[in-house]
Amino acid sequence: MINYLHDKKQEMIDLLETIVNTDSNSYDKEGVDQVGALLKEKFEDIGMYVKVHRQTEQGNHLEIKAERESQPKILIIAHMDTVFPKGEAKKRPFSVIGDKAYGPGVNDEKASHVQVLYAMKALKESGSPAVNNVHIIFNSDEEIGSISSKSLIEEAAVGKDYSLVVECGRPNDGVVTERKGVGHFTVNVTGKGAHSGVEPEIGISAIEELAYKVIKLQQLNDYEQGLTVNVGLIKGGTSVNTVPPHAEAEIDVRIKNEDQAMNVTNSIHQIAGEETVKGTRTELTGAIDRPPMERTEESKKLFNMIKETGKELGFTIHEVSTGGGSDAAFTAAKGIPTIDGIGPIGEFSHSETEEYTDLNSLVDRTILLAKIIERLSM
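To start, this report covers the structure provided alongside it.

Conventions and cut-offs
- Residues numbered from 1 in each chain as written.
- Predicted model: local features only at pLDDT ≥ 70, side-chain atom pairs only at ≥ 80, totals over all residues.
- Heavy atoms only, no water.
- Axes fitted to C-alpha atoms, helices over the stretch in contact; angles between N-to-C directions.
- Helix = DSSP H or I, 4+ residues; strand = E, 2+ residues; numbered from the N terminus.
- Parallel < 35°, antiparallel > 145°, perpendicular 65-115°, else oblique.
- Left-handed = near helix turned anticlockwise from the far one by under 90°.
- Contact = heavy atoms within 4.5 Å.
- Nonpolar A, V, L, I, M, F, W, Y, C, P; charged D, E, K, R; others polar.
- Polar contact = N/O pair within 3.5 Å; in protein donor to acceptor, adjacent residues only side chain to side chain.
- Salt bridge = Lys/Arg side-chain N within 4 Å of Asp/Glu carboxyl O.
- Buried < 20%, exposed > 50% of the residue type's maximum accessible area, 1.4 Å probe, protein only.
- Pairing = 2+ DSSP bridges.
- Core = buried A, V, L, I, M, F, W, Y, C linked by side-chain atoms within 4.5 Å.
- Expected span 1.5 Å × (residues − 1).
- Arc of directions from axis to C-beta.

### A few points about the packing of helix 9 (residues 297-312) against helix 11 (residues 359-376)
Helix packing geometry: the angle between the two helix axes and the distance between the axes. Viewed as axis vectors pointing N to C, helix 9 and helix 11 meet at an angle of 125 degrees, and their least axial separation amounts to 10 Å. Overall, the two elements helix 9 and helix 11 adopt an arrangement that is oblique. Crossing geometry of helix 9 relative to helix 11 is assigned as right-handed. Contacts between helix 9 and helix 11 pair Leu-302, Met-305, Ile-306, Glu-308, Thr-309, Gly-310 and Glu-312 from the former with Leu-368, Lys-371, Ile-372, Arg-375 and Leu-376 from the latter. Residue composition of the contact of helix 9 with helix 11, by class: six nonpolar, two polar and four charged.

### Brief notes about the packing of helix 2 (residues 9-20) against helix 5 (residues 106-126)
In the contact formed by helix 2 and helix 5, the axes pass within 10 Å of each other and the chain directions differ by 135 degrees. The angle between the axes of helix 2 and helix 5 places the two elements in the oblique class. In this structure, helix 2 meets helix 5 at a crossing whose hand is right-handed. Mapping the contact onto sequence places Glu-11, Met-12, Leu-15, Leu-16, Ile-19 and Val-20 in helix 2 and Val-106, Lys-110, Ala-111, His-113, Val-114, Leu-117, Tyr-118 and Lys-121 in helix 5.

### Points about the environment of His-350
With respect to the helices and strands, His-350 occurs in the loop between strand 17 (346-347) and strand 18 (356-358). Sequence separation of His-350 and Thr-190 is 160 residues, and the distance between their C-alpha atoms is 35 Å. In contact with His-350, not counting residues within four places along its chain, are Val-83, Phe-84, Asp-108, Glu-143 and Glu-355. A polar contact is formed between the side chain of His-350 and the side chain of Asp-108, at a distance of 2.9 Å. Within the local environment of His-350, its side chain forms a polar contact with the side chain of Glu-143, the two groups lying 3.3 Å apart.

### Details of the pattern of salt bridges
Taken as a whole and judged by the stated rule, the model has 16 salt bridges. The shortest N-O distance in the salt bridge between Asp-33 and Lys-29 comes to 2.9 Å. One end of the pair is Asp-33 and the other is Lys-29, both in helix 3 (residues 29-45) and four residues apart, which spans about a single turn. For Asp-33, a relative accessible area of 21% translates into the label partly exposed. Using a relative accessible area of 22% as the deciding quantity, one classes Lys-29 as partly exposed.

### A short note on the environment of Phe-138
Relative to the helices and strands, Phe-138 is located in strand 6 (residues 134-139). Excluding residues within four positions of it along the chain, Phe-138 makes contact with Leu-39, Phe-43, His-61, Leu-62, Ile-64, Ala-78, Met-80, His-113 and Val-116.

### Some words on the sheet that holds strand 13 (residues 246-255)
By way of backbone hydrogen bonds, the strands of a sheet pair with one another, either parallel or antiparallel. Read across the open sheet, the four strands follow the order 11-13-9-14; overall the sheet is antiparallel. If you trace the sheet from one side to the other, it starts and ends with strand 11 (228-236) and strand 14 (281-290), each paired once. Ignoring which end each strand starts from, the neighbouring axes of this sheet average 15 degrees apart. With ten bridges connecting them, strand 9 (residues 181-190) and strand 13 associate as antiparallel partners. Looking at strand 13, one finds that Thr-190 is bridged to His-246.

### Overview of the side chain of Thr-186
By the secondary structure assignment, Thr-186 is in strand 9. Its relative accessible area of 12% is what places Thr-186 among the buried residues. Apart from residues lying up to four places away in sequence, Thr-186 is in contact with Glu-248, Ala-249, Glu-250, Glu-283, Leu-284 and Thr-285.

### Some words on the nonpolar core
The biggest cluster of nonpolar side chains holds 60 residues, and the ones touching the most others in it are Leu-16, Phe-43, Ile-76, Met-120 and Phe-138. By size, the runner-up hydrophobic cluster in this structure holds 21 residues, among which are Leu-227, Val-229, Ala-247 and Ala-249.

### Thoughts on helix 3
Between its first and last C-alpha, helix 3 extends 24 Å over 17 residues, near the 24 Å set by a 1.5 Å rise per residue. Inspection of helix 3 places Gly-31, Val-32, Val-35, Gly-36, Leu-39 and Phe-43 among the buried residues, and these make up the whole buried set. End-on view of helix 3: buried residues confined to an arc of 135 degrees, all on one side of the axis. Turned more than 90 degrees away from the buried face of helix 3 sit Glu-30 and Asp-45, all of them exposed. Those residues of helix 3 hidden inside the fold are in contact with helix 2, strand 1 (49-53), strand 2 (61-65), helix 5 and strand 6.

### Looking at the pairing of strand 2
Of all five residues in strand 2, five are buried, a share of seventy percent or more. Sheet analysis places strand 1 next to strand 2, joined by five bridges and oriented antiparallel. In the sheet register, Lys-51 faces strand 2, and the bridge partner there is Glu-63. Bridge count between strand 2 and strand 6: four bridges; the pairing is antiparallel. Among the inter-strand pairings, Lys-65 is bridged to a residue of strand 6, identified as His-135.

Structure, rendered in structure tokens:
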């Protein structure tokens with residue numbers, strides 16, 4: 001298996017180039033479906049069953065097993081969408097400098113598409129029955145909250161013993177054992193417009209009311225406990241000489257556990273419900289839409305097994321906690337031992353110039369994934 005994958009390195013890089021040079025923004029259905037069609041063809045070429053879950057707005061999702069009616073115990077999750085707009089691949093196509101590959105989405109997470117495919121190819125080539133124990137989901141909307149794929153992932157998670165999520169690996173052989181949950185809220189304040197020079201006294205400033213709320217929202221931050229509340233966007237008013245009749249703020253929330261999720265949600269609702277500027281009206285929408293991936297005793301055991309497997313291959317696997325969200329949250333919330341960051345190693349995801357994947361890790365992490373699948377299938 002190891003020699004097979006080392007021999008296939010250039011073939012893997014060539015496929016990665018093709019995928020990176022195909023735009024697949026979350027809202028670019030045509031582009032995502034091009035990536036999906038290529039992956040479907042590649043998996044079917046090695047005899048695997050691929051079901052296409054068709055979508056009307058975002059790209060289609062893929063569900064892959066060795067056989068249609070099989071009941072695998074390992075779930076692998078990858079996403080095909082990126083944050084980059086259509087045309088970005090033409091603007092800065094795939095390139096290799098030294099041992100690093102660059103291009104839009106190369107690290108988040110197109111290298112992982114190649115990894116999962118070639119891990120299955122390696123298991124097939126070696127005659128390992130472990131290939132029958134894998135259920136793969138390639139979804140199209142992770143970067144925008146897995147709007148339509150969340151239910152597919154949760155359905156696929158039923159009956160699973162393990163979940164491996166192939167977001168990019170961290171430098172120095174890191175994998176992710178803990179992620180923050182993510183929430184998005186919008187505060188809309190309505191006041192009353194008036195000419196600010198002629199009759200300001202009859203106006204009711206929505207911006208003034210929102211300003212009071214923004215200060216209170218920012219005071220909810222508790223960095224030591226891993227809670228962050230960021231009012232990242234605000235807008236309001238109609239002109240500089242008009243008392244603003246409307247104002248809006250968008251809030252990003254990151255939480256470390258379910259207790260924080262409940263408490264901060266209650267606090268945001270309380271702040272939204274307070275009226276400091278008399279006569280204003282406030283509407284709050286949003287929620288914690290991606291639960292935290294909490295480190296558990298069972299996930300710790302899974303990590304230790306991965307660490308031991310890595311040691312046998314000459315890797316020093318260590319665990320990392322991160323504030324970014326991923327689909328790992330959905331399986332972890334179902335009580336399934338989940339490890340994320342199993343993908344090839346890279347850095348600077350979403351960067352327009354610096355995002356890269358270490359091409360040596362493209363092979364190394366594929367070997368690791370195949371070996372993990374084998375060990376979990378014993």
